[in-house]
Structure formats: C-alpha cells, structure tokens
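One letter stands for each residue in the lines below.
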Amino acid sequence: MVRVLICYASYSGNTEEVAEGIQKRLLEMGMDGDLYRIRPRLTDLPNPSEYDAFVIGSFTWVKGSTPKLVKDFVAKLGIKPHPVFVFGTGDTQFGGDGLFCRAADKLARFYASPFPPLKIEQSPRGDQEMIVDEWTKGVADYCRQNLIVSAS
Ligand SMILES: Cc1cc2nc3c(=O)[nH]c(=O)nc-3n(C[C@H](O)[C@H](O)[C@H](O)COP(=O)(O)O)c2cc1C
C-alpha cells in the first residue's frame, strides 16, 4: 500500500479542510494517508522515510509570502523527500491572481514537485470539491505509476 504523509499548516481552518479532504480521498482510493499539522513548536517532526510520498499544504501570508512556521518546518526537515505534492489555500482579495497561493507555487518549485500545485480559494466547499477530487486522483495515479512500494 502506498503510504502518503500529508503535512499542512493552517490558522483559520481552510488549509486543514483541504488536507482532510485529500486524506479522505486517498483512503477511498486504497492508499494510506496520515495527517501532520505543522505547529509553531516543531517538537514531533514526522519521519519522511516512513512514507512513499509526501504532500505539503500551506496558506499564503502577507504579500504572497510563505508563513514562517512552514519555512521553519521545511528547514528543520532538512532532507528533500521525493515526490512532494503541494497544495495551498489563498484569497485573491489580497493581491489578485499575482499573489494568489504564492506559497504553494514557491513550495512546489523548492521541492521540484512533479505536479502543479493544487490551489483553493478559501474553503474547499462547493465547486472546488471537484478540483480537490481531480488533483488527488492525479496524485494517486502518479504514485501507482511511478513508485515502487514495499509490502507492509
Ligand atoms: C493578513 C493576510 C494576508 C493574506 N495574504 C494573502 C496573499 O498574499 N495571497 C493569498 O493568496 N492569500 C492571502 N491571504 C488569504 C489566506 O491565505 C487564506 O484566507 C487562507 O485560506 C487561510 O488559510 P487557513 O484558514 O488554513 O489559515 C491572506 C490572509 C491574511 C489574513
């Protein structure tokens, strides 16, 4: 079974909701998905080597920035696991399309993600649920086609 670690940071719940949606869909597709919430105190870091793939999600902060707690997490994790799939939530009211979900773009570039990042405007409800569905299906297909998974 493909084991996926879904790490996310969330202040007001939107990114958490997307993370939970991704986990639910991965489980429905017969994969294993653990959630890890990135908190300011990074005392219980996950071990990426226990997983076959890594998903990281972040909201975008002021002027398209990546939140400090996410930057600290990335730095503390040290290694670059592979593959890494990225998702983010944002709000076009804070700078239009140019700054929308910029943190997700930057993380995807940093991790050389094999996939364009999933971008959700605020909460993943209504029409955007389908976008989460499609993206997660793409992640699952990529994993099935490209990963050699040890039996466990
Ligand atoms: C002060 C502030 C600045 C923000 N700046 C941006 C931004 O530059 N780009 C963007 O896409 N979203 C921006 N947002 C919107 C948040 O990223 C968005 O509400 C996100 O869904 C929050 O995620 P969370 O509910 O998981 O904390 C900003 C929000 C706040 C409060």
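Remember, it's a predicted structure, so these values are computed and weren't measured experimentally.

Before going further, it helps to examine the pattern of salt bridges. One pass over the full model with this rule turns up nine salt bridges. Across the pair arginine 25 and aspartate 133 runs a salt bridge whose closest N-O atoms are separated by 2.2 Å. Taken together, the positions of arginine 25 in helix H1 (residues 14–28) and aspartate 133 in helix H5 (residues 128–146) put the pair 108 residues apart, joining distant regions of the chain. Using a relative accessible area of 12% as the deciding quantity, one classes arginine 25 as buried. Owing to a relative accessible area of 35%, aspartate 133 belongs among the partly exposed residues under this scheme. In this structure, a network of salt bridges that share partners links the residues Lys137, Asp141 and Arg144.

Before going further, it helps to spend a moment on a nonpolar patch on the surface. Together, Tyr11, Trp61 and Val62 make up an exposed nonpolar region whose accessible area comes to about 370 Å². Tracing the backbone through its elements, the reader meets tryptophan 61 in the loop between strand S3 (53–59) and helix H2 (68–77). Residue tryptophan 61 is classed as partly exposed on the basis of its relative accessible area of 47%.

Moving on to H2. Here H2 has its buried residues at Leu69, Val70, Phe73, Val74 and Leu77. The buried residues of H2 occupy an angular sector of 140 degrees when projected down its axis, which confines them to one face. Exposed side of H2, more than 90 degrees from the buried face: Lys68 and Ala75 are the residues found there. On its buried side, H2 packs onto strand S1 (3–8), strand S2 (32–37), S3 and helix H4 (102–110).

Strand order in the open sheet made by the five strands is S2-S1-S3-S4-S5, with parallel pairing throughout. Sheet topology places S2 and strand S5 (118–121) at the edges, where each strand pairs with a single neighbour. Pairwise comparison of adjacent strand axes, ignoring direction, gives a mean angle of 20 degrees for this sheet. In terms of strand pairing, strand S4 (residues 84–90) meets S5 through four bridges, oriented parallel. Bridge pairing in S5 links glycine 88 to lysine 119. Against the sheet, H2 engages S1, S2 and S3, with an angle of about 155 degrees to S3. Contacting S3, S4 and S5, H5 crosses the sheet at an angle of about 165 degrees to S5.

Conventions and cut-offs
Residues numbered from 1 in each chain as written. Predicted model: local features only at pLDDT ≥ 70, side-chain atom pairs only at ≥ 80, totals over all residues. Heavy atoms only, no water. Salt bridge = Lys/Arg side-chain N within 4 Å of Asp/Glu carboxyl O. Helix = DSSP H or I, 4+ residues; strand = E, 2+ residues; numbered from the N terminus. Buried < 20%, exposed > 50% of the residue type's maximum accessible area, 1.4 Å probe, protein only. Patch = residues over 30% accessible without salt bridge, like charges linked within 9 Å, V, L, I, M, F, W, Y side chains within 5 Å. Areas by Shrake-Rupley, 256 points an atom, 1.4 Å probe, with all protein chains shown as cover. Arc of directions from axis to C-beta. Contact = heavy atoms within 4.5 Å. Pairing = 2+ DSSP bridges. Axes fitted to C-alpha atoms, helices over the stretch in contact; angles between N-to-C directions.

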